[in-house]
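# Fold and contact review
This is what each chain is made of:
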Amino acid sequence: GDSGGGGGGGGGGGKISVEKQHLADAVQEVIKGELARHGNSEGEKSVMKVDQGMAPDDQASSGLMFKIDSVQAALDVFRHARSDGEGELCTVNMDQSAVVYLTAQLEYMTAEILELAGNALKDLDTEFEHMTEDENAKHGVNMVSCIKLAIEGDQELDDVIVQRFKFDFSAYGDVAGADAVIAANVAKRKEEKEGKLMAEEDTWTKAKEEEEEEEEEEEEEMEMDEVR
């Protein structure tokens, strides 16, 4: 965020004010594509509802399930930052619109991941349907596996959570089940791609043979015409 409000808070430390637009810019920078556009839309809608004040408090007005106060409390833990990475501590203040926007972003991202995780569970069930519940557990069929499948199976989520922030799923549980399905899916896609290439090659070969046959027939007709 931009430094704002001059030098506040004693000891020479400055103050950084984080506004909603700072978060919106960060979302566009870190999260790409439809995920960023939909997330930004959800954030803007929640902020607009709070601004309109259609309910007794911000939580009710926002229409969010995630608690705005809980996000604010979590942010209070990180309310200091170094102005240049190594310099004096600066107090970080986030206005209410920014907190509402961030809460909406977190809720939207969580909902997306959980929806995809539910779909991933179907893949795991299919892969290990012949096993008992205990056997499934031994093969890493659990919520962590489902979430890993959900994130790594979605390009935009994978780019930000795995590729950018290097999130390690194995630190939170056994993910062997997810790895098995991912490997199977990769192999399946490879087989489908090879099959498609072979089909395209066969189609091209057949077309080439038909073209050569037509050329031969035309040459034979020309030769017969010359004889006549």
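Quick caveat, the model's predicted, so the values are computed rather than measured.

The next subject is the overall build of the chain. Each helix and strand in the chain was counted, giving nine helices and three strands. Listed N to C, the secondary structure of the chain is β-α-α-α-α-β-β-α-α-α-α-α in terms of helices and strands. Burial statistics for the chain: of 228 residues in total, 27% are counted as buried. Intrachain contacts of the chain at a sequence separation of at least 6 include 66% that bridge at least 24 residues. When the accessible area of the chain is evaluated, it comes to approximately 15300 Å², of which 51% is carbon and sulfur surface.

On the surface, Met65, Phe66 and Leu106 cluster together to form a nonpolar patch covering roughly 300 Å² of accessible area. Inspection of the secondary structure assignment puts Leu106 in helix α5 (residues 96-127).

Before going further, it helps to spend a moment on the side chain of Ser62. Assignment of secondary structure puts Ser62 in helix α3 (residues 58-62). Judged by relative accessible area, which is 1%, Ser62 ranks as buried. Engagement of the side chain of Ser62 in a polar contact is seen with the backbone oxygen of Gln59, the distance being 2.8 Å. In this structure Ser62 touches Ser46, Lys49, Val50 and Ile68, once residues within four positions along its chain are discounted.

The next thing to look at is the packing of aromatic side chains. Two aromatic rings are characterised by how far apart their centres lie and by the angle between their planes. Under the defined criterion, the tally for this structure stands at one aromatic pair. Here Phe167 and Phe169 contribute two aromatic rings whose centre-to-centre distance is 5.0 Å and whose plane-to-plane angle is 75°, an arrangement assigned as edge-to-face. You can call Phe167 partly exposed: its relative accessible area is 37%. Assessed through its relative accessible area of 5%, Phe169 is described here as buried.

Another point: helix α8 (residues 155-164). Residues spaced three or four apart along an α-helix point in a common direction, a consequence of the helix completing one turn every 3.6 residues. Buried residues of α8: Leu157, Asp158, Val160, Ile161 and Val162, and no others. A side-chain oxygen of the first residue of α8 lies 3.2 Å from the backbone nitrogen of Glu156; this N-cap is Asp154. Phi for Lys166, located one or two positions after α8, is positive at around 55°.

A positive phi angle, near 55°, is found at Lys166, a position not held by glycine. Among the structural elements, Lys166 can be located in the loop between α8 and α9 (176-227).

All right, on to the nonpolar core then. Ranked by size, the top nonpolar core spans 31 residues in total, and within it Ile31, Leu35, Tyr101, Ile151, Leu157, Ile161 and Phe169 carry the most contacts. Residue assignment for this core shows that the elements contributing at least two residues are β1 (15-18), α1 (20-30), α2 (33-52), α4 (68-76), β3 (89-94), α5, α7 (143-152) and α8. Counting residues per element, this core draws most heavily on α5, which supplies eight residues.

Under the definition given, this model contains three salt bridges. Between Lys20 and Glu44 there is a salt bridge; the shortest N-O distance is 2.9 Å. Of this pair, Lys20 sits in helix α1 while Glu44 is found in helix α2, placing the two residues 24 residues apart along the sequence. The partly exposed category is assigned to Glu44, whose relative accessible area is 28%. Across the pair Arg37 and Glu34 runs a salt bridge whose closest N-O atoms are separated by 2.7 Å.

Each value, and the rule that gives it
- Residues numbered from 1 in each chain as written.
- Predicted model: local features only at pLDDT ≥ 70, side-chain atom pairs only at ≥ 80, totals over all residues.
- Heavy atoms only, no water.
- Helix = DSSP H or I, 4+ residues; strand = E, 2+ residues; numbered from the N terminus.
- Buried < 20%, exposed > 50% of the residue type's maximum accessible area, 1.4 Å probe, protein only.
- Contact = heavy atoms within 4.5 Å.
- Areas by Shrake-Rupley, 256 points an atom, 1.4 Å probe, with all protein chains shown as cover.
- Patch = residues over 30% accessible without salt bridge, like charges linked within 9 Å, V, L, I, M, F, W, Y side chains within 5 Å.
- Salt bridge = Lys/Arg side-chain N within 4 Å of Asp/Glu carboxyl O.
- Polar contact = N/O pair within 3.5 Å; in protein donor to acceptor, adjacent residues only side chain to side chain.
- Phe/Tyr/Trp six-rings, centres within 6.5 Å; stacked < 30°, edge-to-face > 60°.
- Core = buried A, V, L, I, M, F, W, Y, C linked by side-chain atoms within 4.5 Å.

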